[in-house]
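Fold and geometry: a report
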Amino acid sequence: MHEGRLNCAKVRDALRQGACLFVPYDPDFNHSPCLKSGHKAHWALIIGYLITDNDEFYVIARHGKAKNLAVWSLQSLSDSNANLIEFAQPKGYPDCDFLLPPGGIGGNLGLRERAIIVKGLPLETTTIS
């Protein structure tokens, strides 16, 4: 379990060592990270990373509703994850009850600034020049 901002050495090092991440975040209409206060919260699976010549760190992600892989800046994903502060009833489920931790998704036991790190996976590195 990771607690704190995602754009940090711990997360970057875990990805470099072959870890995957499960990250709650707000997806925009194209599934990229956005800032909607948690109203559209979903999970993304981070399966890799890219580093540009300018040392900008990007993650390779899969959103459950998207057909293709995506490339997002780690900073934008970190900002979206840190912006999960309140729950919004999904439009398609008006009569459903959702279990929320005490304090909601932005509270001490919520999803804000949290991710699951899965380590010990086989590591395969590809370098693109």
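Since this is a predicted model, take the numbers as computed values, not measurements.

Re the packing of aromatic side chains
- This model, assessed by the stated rule, comprises three aromatic pairs.
- Here Phe-87 and Phe-98 contribute two aromatic rings whose centre-to-centre distance is 5.4 Å and whose plane-to-plane angle is 50°, an arrangement assigned as tilted. In this pair, Phe-87 is assigned in the loop between α2 (74–82) and β7 (114–118) and Phe-98 in the loop between α2 and β7, connecting sequence segments 11 residues apart.
- Note on Phe-87: relative accessible area 34%, which makes it partly exposed.

Topic: the state of the cysteines
- Scanning the model with the defined rule gives zero disulfides in all.
- Distance from the sulfur of Cys-20, which forms no disulfide, to the nearest cysteine sulfur (Cys-8) is 16 Å.

Some details on the pattern of salt bridges
- Going through the model one piece at a time under the given rule, you end up with four salt bridges.
- Asp-28 is the partner of Lys-36 in a salt bridge, and the nearest nitrogen-oxygen pair spans 3.5 Å.
- Note on Lys-36: relative accessible area 32%, which makes it partly exposed.

Some words on the nonpolar core
- Counting residues in each nonpolar core, the largest one holds 18 residues, and the members touching the most others are Ile-46, Val-59, Trp-72 and Leu-77.
- Mapped onto this core, the elements with two or more residues apiece are α1 (9–16), β2 (20–27), β4 (42–51), β5 (57–63), α2 and β7.
- Ignoring anything within four residues of it in the chain, the contact list for Trp-72 reads Tyr-25, His-31, Ser-32, Pro-33, Ala-44, Ile-46, Tyr-58, Val-59, Ala-61 and Leu-77.

Some remarks on the side chain of Asn-81
- Positionally, Asn-81 belongs in helix α2.
- You can call Asn-81 buried: its relative accessible area is 0%.
- Of note is the side chain of Asn-81, whose polar atom sits 2.8 Å from the backbone oxygen of Pro-24.
- Setting aside residues up to four positions removed in sequence, Asn-81 forms contacts with Leu-6, Val-23, Pro-24, Tyr-25, Leu-111, Arg-112, Glu-113 and Arg-114.

Here is what the cut-offs are and how they apply
Per chain, the residues get numbers from 1 upward, laid out in the order the sequence is written. Reporting of local features is limited, given that this is a predicted model, to residues whose pLDDT is at least 70; pairs of side-chain atoms are given and counted only at 80 or more, and all residues count toward the totals for whole chains, interfaces and linings. To obtain the side-chain values, all non-hydrogen atoms of the structure were included, while hydrogens and water were left out. Two rings belonging to Phe, Tyr or Trp (six-membered ring only in the last case) form a pair when the distance between their centres is within 6.5 Å. Interplanar angles under 30 degrees mark stacking, angles over 60 mark edge-to-face geometry, and anything in between is tilted. A helix here means a DSSP run of H or I that spans at least four residues, while a strand means a run of E at least two residues long, and both kinds are numbered starting from the N terminus. Note on exposure labels: buried denotes an accessible area under 20% of the residue type's maximum, exposed denotes more than 50%, and partly exposed covers the range between, all computed with a 1.4 Å probe on protein chains only. Two cysteine sulfurs form a disulfide in these notes if their separation is within 2.5 Å. The salt bridge definition used is simple: a Lys or Arg side-chain nitrogen within 4 Å of an Asp or Glu carboxyl oxygen. What makes a nonpolar core is a set of buried Ala, Val, Leu, Ile, Met, Phe, Trp, Tyr and Cys residues whose side-chain atoms join them at distances within 4.5 Å. Note on contacts: a residue pair qualifies if any of its non-hydrogen atoms lie within 4.5 Å across the two residues. By the criterion applied in these results, polar contacts are pairs of N or O atoms within 3.5 Å in which, for protein atoms, one can donate a hydrogen and the other can accept it, and in which residues neighboring in sequence qualify only through two side-chain atoms.

Note that every value here comes from positions in space, so none of it alone points to a role or purpose.
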